[in-house]
Amino acid sequence: MAEASPPSPPPAAPKLLDRLRADLRTRHYSIRTEQAYVDWVRRFVLFHHKRHPVEMGAAEVAAFLTHLAVDRQVSASTQNQAKSAILYLYKSVLQIDLPWLDEVVQAKTPRRLPVVLTPHEVRELLLHMQGTTGLIAQLLYGTGMRVMEVLRLRVKDVEFARREIVVREGKGNKDRVTVLPENLIRPLQAQLDHARALHEKDVQAGLGRVYLPYALAVKYPQADRTWGWQWVFPSPVRALDPRPDARTGEPMERRHHVFPESVQRAVREAARRATIAKPVTPHVLRHSFATHMLQAGYDIRTVQELLGHADVSTTMIYTHVLNKGGRGVLSPLDAL
């Protein structure tokens, strides 16, 4: 008789960070939130000499947050993001009751006025930018979109005939419509011609499948190769997607969109060459869009809808910018 084969060993339990990733994807968190939370949990474990979080509690969490605030001198928002990641690990992944939740310090986030460029400064900044990043910067200022909303634009969401752009899955997973500037219609059409050439090249190589959310690639097997779902601003290079393919479960080589770091570097370099003394980031162009819209006489509700703010009080911060300085008050020195 043939000898019975030895029983196969039980599958190894998934590692902590893999469990965290799986739980975040189950709850449909964005890939950037997933990367940030995984990084903070890794730092938390390494800070405590690789002790398992099950063995730690409020004192260890507070010590790590104190280290970030005192030794690393991170901002309040960064400290609170680290806290959110660690508490998510305990509550959702490890499913450990948190009676000590109220004991963990919450950093007080200061209320700051946004940095806003003058129309002249915006003009100078854009004149020192060109190519793809220059077009992205013009869209940021011309539409009020966030940088990731611009980079995640799909071909199907640019409405040339209606002069509008549909922003899908913006902040808070909300859709909205914003304006498409007339001056950007021809540059955008040229960008789409470039993107189509890259897509056709990928399809000829047996690739060309773009990432689709919510397993749409399973429901519509050919949709990820169709032109309408492709990125408006595709990356010049292909790379392995960190998320497995929805059909096969295997890693897939895709052409992602342009990295936000490329836009940030280009804006920073353009501000340096334009000798703008203010700290300039891509998000400053969104602030400038809102402020200049209010200066042009548009009502605050219109600006709120274009920006995608859930509460008008968030948009009101730009009225504070308008009321500051010489245009808002008369200095007593000028009355002498």
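Residues numbered from 1 in each chain as written. Predicted model: local features only at pLDDT ≥ 70, side-chain atom pairs only at ≥ 80, totals over all residues. Heavy atoms only, no water.

Asks: An account of the overall build of the protein chain is needed here, citing residue identities and associated values.
Replies: Looking only at helices and strands, the protein chain features 14 helices and five strands. Within the protein chain, residue pairs in contact and separated by at least 24 positions form 61% of the contacts whose partners lie at least 6 positions apart. Accessible area for the protein chain stands at about 19,600 Å²; split by element, carbon and sulfur atoms hold 54% of it. (Helix = DSSP H or I, 4+ residues; strand = E, 2+ residues; numbered from the N terminus. Contact = heavy atoms within 4.5 Å. Areas by Shrake-Rupley, 256 points an atom, 1.4 Å probe, with all protein chains shown as cover.)

Asks: Would you mind going over the packing of aromatic side chains in detail, with residue names and values included?
Replies: As enumerated under the stated definition, the model contains six aromatic pairs in all. These aromatic residues form a ring-pair network of at least three members: Trp 40, Phe 44, Phe 47 and Phe 64. Above the ring of Trp 40, the side-chain terminus of Arg 43 is found at 4.7 Å from the ring centroid. Above the plane of the ring of Trp 229 lies Lys 156, whose end atom (NZ or CZ) is 4.6 Å from the centre. (Phe/Tyr/Trp six-rings, centres within 6.5 Å; stacked < 30°, edge-to-face > 60°. Lys NZ or Arg CZ within 6 Å of the ring centre and 35° of its normal.)

Asks: Tell me about the nonpolar core, and name the residues and values.
Replies: Within the largest apolar cluster, 41 residues are counted, with the highest numbers of intra-cluster contacts made by Leu 117, Leu 125, Leu 188, Val 232 and Phe 233. Those elements giving two or more residues to this core turn out to be α5 (119-127), α6 (131-143), α7 (147-151), β2 (164-167), α8 (185-204), α10 (260-273) and α11 (282-295). In this structure, Leu 20, Tyr 37, Val 61 and Ala 82 belong to the second largest nonpolar core, which totals 23 residues. (Core = buried A, V, L, I, M, F, W, Y, C linked by side-chain atoms within 4.5 Å. Buried < 20%, exposed > 50% of the residue type's maximum accessible area, 1.4 Å probe, protein only.)

Asks: Before we move on, could you go through the pattern of salt bridges and cite the residues and values that matter?
Replies: Summed over the entire model, instances satisfying the criterion amount to 20 salt bridges. The salt bridge involving Arg 25 is made with Glu 34; its shortest N-O contact spans 2.9 Å. Judged by relative accessible area, Glu 34 falls into the buried class, the value being 5%. For the salt bridge of Arg 163 with Glu 182, the shortest nitrogen-to-oxygen distance reads 3.1 Å. Within this pair, whereas Arg 163 is found in the loop between β1 (158-159) and β2, its partner Glu 182 is found in the loop between β3 (176-179) and α8, the two being separated by 19 residues in sequence. When its relative accessible area of 35% is taken as the criterion, Arg 163 is described as partly exposed. Classification of Glu 182 as exposed rests on a relative accessible area of 53%. (Salt bridge = Lys/Arg side-chain N within 4 Å of Asp/Glu carboxyl O.)

Asks: Tell me about unusual backbone geometry, and please be specific about residues and values.
Replies: In this structure, Glu 169 takes a positive phi of about 50 degrees despite not being glycine. You can see Glu 169 is positioned in the loop between β2 and β3. Residue Glu 169 is classed as partly exposed on the basis of its relative accessible area of 35%. For Thr 275, which is not glycine, the phi dihedral falls at a positive 55 degrees. Within the element layout of this structure, Thr 275 appears in the loop between α10 and α11.

Asks: Please give an account of the sheet that holds β1 that cites residues and values.
Replies: The strand order across the open sheet built from three strands is β1-β2-β3, with neighbouring strands paired in antiparallel fashion. Each of the sheet's edge strands pairs with one partner strand only, and the pair in question is β1 and β3. Alignment of β1 against β2, held across two bridges, turns out to be antiparallel. Bridged to Val 158 within β2 is Ile 165. (Pairing = 2+ DSSP bridges.)

Asks: Outline the packing of helix α1 (residues 16-26) against helix α4 (residues 76-93), listing residues and values.
Replies: Between α1 and α4, the least distance of the axes is 11 Å, while the angle of their chain directions is 80 degrees. Put simply, α1 runs roughly perpendicular to α4. Along its contact with α1, which presents Leu 16, Arg 19, Leu 20, Asp 23 and Leu 24, the element α4 presents Tyr 88, Leu 89, Ser 92 and Val 93. Per-class residue counts for the contact of α1 with α4 are six nonpolar, one polar and two charged. (Axes fitted to C-alpha atoms, helices over the stretch in contact; angles between N-to-C directions. Parallel < 35°, antiparallel > 145°, perpendicular 65-115°, else oblique. Nonpolar A, V, L, I, M, F, W, Y, C, P; charged D, E, K, R; others polar.)

Asks: Give me the lowdown on the side chain of Arg 254, citing residues and values where you can.
Replies: Residue position: Arg 254 is located in strand β5 (residues 253-254). Looking at Arg 254, the relative accessible area reads 8%, which means it is buried. A distance of 3.0 Å separates the side chain of Arg 254 from the side chain of Asp 241, its partner in a polar contact. Setting aside its immediate chain neighbours within four residues, Arg 254 contacts Arg 209, Val 210, Tyr 211, Arg 238, Ala 239, Asp 241 and Asp 245. (Polar contact = N/O pair within 3.5 Å; in protein donor to acceptor, adjacent residues only side chain to side chain.)

These results come straight from atomic positions and should not be treated as a statement about function.
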